[in-house]
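# Fold and contact review
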Amino acid sequence: MSTPQGTIVNCLNDLIAALGLQDLDALRKAIELYPEEGEGFLDLRDEPRVLIVGVGAHGTGLEYPFAVEEVWTTLDDLDAEYYEELANDPHQELRDEIEPRIRDAWDSGGVGTFTTESGYVQWAKYTAGLQIECVSNAFLGDDDRLGFVQRRLLANLGFTSPQPPSWPNYFRRFTDESEIGDAATILVRVITDVLNQPD
């Protein structure tokens with residue numbers, strides 16, 4: 001009897017968290033690189049069932065009895081879904097607009113702003129790297145104020161809460177030019193999922 005794929009997905013996400021990995025791609029690499037290491041990430045046992053055992057940085061152990069083919073099928077299906085979603089990304093046009101502007105700011109030491117109906121995001125090059133910002137409630141009217149959901153999303157996206165008077169907006173910093181793409185992706189998430197989402 002096969003395991004529901006949703007169950008496998010949930011367990012794999014638990015495993016990723018326990019191992020301190022970033023995503024499913026990192027988990028796949030862990031499986032490929034450390035299938036037999038005594039102190040490695042995963043222990044793949046004999047067919048037809050397999051115990052996937054993950055021991056995280058804090059000693060967290062997780063065990064799930066799945067068939068090997070179920071795990072790989074799930075990973076393959078998730079990969080296919082991810083790349084299909086990426087190919088049909090409704091926000092790609094927005095990202096294509098913002099990323100070159102961020103890169104220009106990095107190269108010129110400049111600043112930039114993108115305004116929506118309910119607020120704005122901005123970015124600026126400074127000595128140590130790049131700072132991106134999302135408007136805070138200090139600059140928003142009552143109808144556009146960020147509620148708990150939006151503020152929680154900003155925290156999940158790595159933003160630091162406002163620190164007036166120096167930093168009155170939510171902000172996040174990047175120190176390397178290679179992170180410009182990540183900065184653009186995060187700003188797109190702020191525009192689409194924070195500023196355009198009701199509380």
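Computed from a predicted structure; not experimentally measured. (Residues numbered from 1 in each chain as written. Predicted model: local features only at pLDDT ≥ 70, side-chain atom pairs only at ≥ 80, totals over all residues. Heavy atoms only, no water.)

## Focus: the overall build of the protein chain
Helix and strand counts for the protein chain stand at six helices and six strands. When the helices and strands of the protein chain are listed from N to C terminus, the series reads α-α-β-β-α-α-β-β-β-α-β-α. Restricting to contacts in the protein chain with at least 6 residues of sequence separation, those with at least 24 account for 52%. Working note: accessible area of the protein chain is about 11800 Å², and carbon and sulfur atoms make up 48% of it. (Helix = DSSP H or I, 4+ residues; strand = E, 2+ residues; numbered from the N terminus. Contact = heavy atoms within 4.5 Å. Areas by Shrake-Rupley, 256 points an atom, 1.4 Å probe, with all protein chains shown as cover.)

## Considering the confidence of the model for the protein chain
In the predicted model, the protein chain carries a mean pLDDT of 74, and 53% of its residues have values of at least 70. Summarising per-element confidence for the protein chain, the mean pLDDT is lowest in strand 1 (residues 50-55) (40) and highest in strand 5 (residues 129-134) (97). A low-confidence stretch, residues 33-63 (pLDDT under 50), is modelled with 71 contacts involving residues beyond four sequence positions or located in other chains. (pLDDT = per-residue confidence, 0-100.)

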